[in-house]
Amino acid sequence: MVILMNFNMDFKAIEVLDVVVRSLLSLVTLFLVTKMLGKKQVSQLSLFDYVIGISIGNFAAEMSINLETNYINGTVAVVIFGLVAYLVSILTMKSIHLRRFFMGVPTVLIEHGKLLVEGMKKVKFDMNDLLEECRINGYFDISEIEYAIMETNGTVSILPKGEYKPVTMKDMNLKASKQGLCANVIIDGKVMKNNLENIHKDIRWLEKELKVKGYKEMGNILLATVDMNEKLVIYEKNVGKDPTDVLE
């Protein structure tokens, strides 16, 4: 009896180890395939990308927990689907006809302020769905909308009527200051030396600027950024504070 129990425990341990190995293998395979496909696969998906993503996920899950299947077959299936998706992405960049076939085309839902019922039927949208998308885009009154277009990835883009467009600096004849990316020079209290070098600064310059702002050490700094005008902005760690307390 004891021998049988020990045998069962050893068998279960082997099964668990097998699942661990399969899971790691599927994770590595998924990561490599996704890296090959690029950032598009992890952003808003088109219908084709969605089908590919669902299929690859199913293959990986089956490969991980179904011990009766050959994990090599699962790996091959994931790679094949990944290669097909990669090939389609290359072809759709070169052919507008293939791009329309695989990725689809945008659908107009509102045109010149008028609701297009045929367009809504085409994308399987009812009135509540359209109103929800308008609210998500910040429009609670659809009379302010000139055009609403559903993109191929399922998002709705909205062009407001002229009188409801936000005022820009150009409209007000104001001169805009030059803009650029900020460099993160401190993250979680640690100096980002490479970022400092990229903006042609060093640690001595940073320490001097910190002293000017009253910081003797960096441990309490969550983030510090430097813009293209060499302006240092510091965000402290607010330990023990919960902003949701005011909502209770």
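To keep things clear, this report deals only with the structure shown in the data block. In this text the structure is predicted, and so the values were computed from the model without any measurement.

## Quick word on unusual backbone geometry
- With phi around 55°, H112 is a residue other than glycine that occupies positive phi space.
- You can see H112 is positioned in the loop between β1 (107-111) and β2 (114-115).
- Its identity is not glycine, yet D188 carries a phi of approximately 55°, on the positive side.
- Note that D188 resides in the loop between β5 (183-187) and β6 (190-191).

## Some remarks on the sheet that holds β1
- Taken together, four strands build an open sheet; the order of strands is β2-β1-β3-β4 and the sheet is antiparallel. One side of each edge strand has no neighbouring strand; the edge strands of this open sheet are β2 and β4 (156-160).
- By the bridge criterion, four bridges tie β1 to strand β3 (residues 145-150) in an arrangement that is antiparallel. Within β3, the residue paired with V108 across the bridge is I149.
- Contacts from helix α6 (residues 127-136) reach β1, β2, β3 and β4 within the one sheet, and its direction differs from that of β4 by about 65°.

## Concerning the sheet that holds β5
- With antiparallel pairing, four strands are arranged side by side in an open sheet as β6-β5-β7-β8. Each end of this open sheet is capped by a strand with a single partner; those strands are β6 and β8 (232-236).
- Its contacts with the sheet place helix α8 (residues 203-212) against β5, β6, β7 (221-226) and β8, and it is angled at close to 70° to β8.

## Overview of the environment of K121
- With respect to the element layout, K121 can be found in helix α5 (residues 117-122).
- Each C-alpha atom, one on K121 and one on L109, is 9.4 Å from the other, the two residues being 12 residues apart in sequence.

## What to know about the pairing of β3
- Pairing analysis gives five bridges linking β3 to β4, with the strands arranged antiparallel. Within β4, the position partnered with I149 by the bridge is S157.

## A word on the pairing of β1
- Bridging between β1 and β2 involves two bridges; their strand directions are antiparallel. Across the sheet, residue E111 finds its bridge partner in β2, namely K114.
- Once β1 ends, the chain turns through two residues before running back antiparallel as β2, passing H112 with a positive phi of about 55°.

## Quick notes on α6
- Of the positions making up α6, those classed as buried are L130, E133 and C134. The arc that holds the buried residues of α6, viewed along the axis, is 100°, so those residues lie on one side. Turned more than 90 degrees away from the buried face of α6, the exposed residues are N128 and I136.
- In this fold, the buried residues of α6 make contact with β1, β2, α5, β3 and β4.
- At the N-terminal boundary of α6, the capping side chain belongs to D126, with an oxygen 3.1 Å from the backbone nitrogen of N128.
- G138 sits one or two positions beyond α6 and adopts a positive phi of about 95°.

Conventions we followed
Residues numbered from 1 in each chain as written. Predicted model: local features only at pLDDT ≥ 70, side-chain atom pairs only at ≥ 80, totals over all residues. Heavy atoms only, no water. Helix = DSSP H or I, 4+ residues; strand = E, 2+ residues; numbered from the N terminus. Pairing = 2+ DSSP bridges. Contact = heavy atoms within 4.5 Å. Axes fitted to C-alpha atoms, helices over the stretch in contact; angles between N-to-C directions. Buried < 20%, exposed > 50% of the residue type's maximum accessible area, 1.4 Å probe, protein only. Arc of directions from axis to C-beta. Polar contact = N/O pair within 3.5 Å; in protein donor to acceptor, adjacent residues only side chain to side chain.

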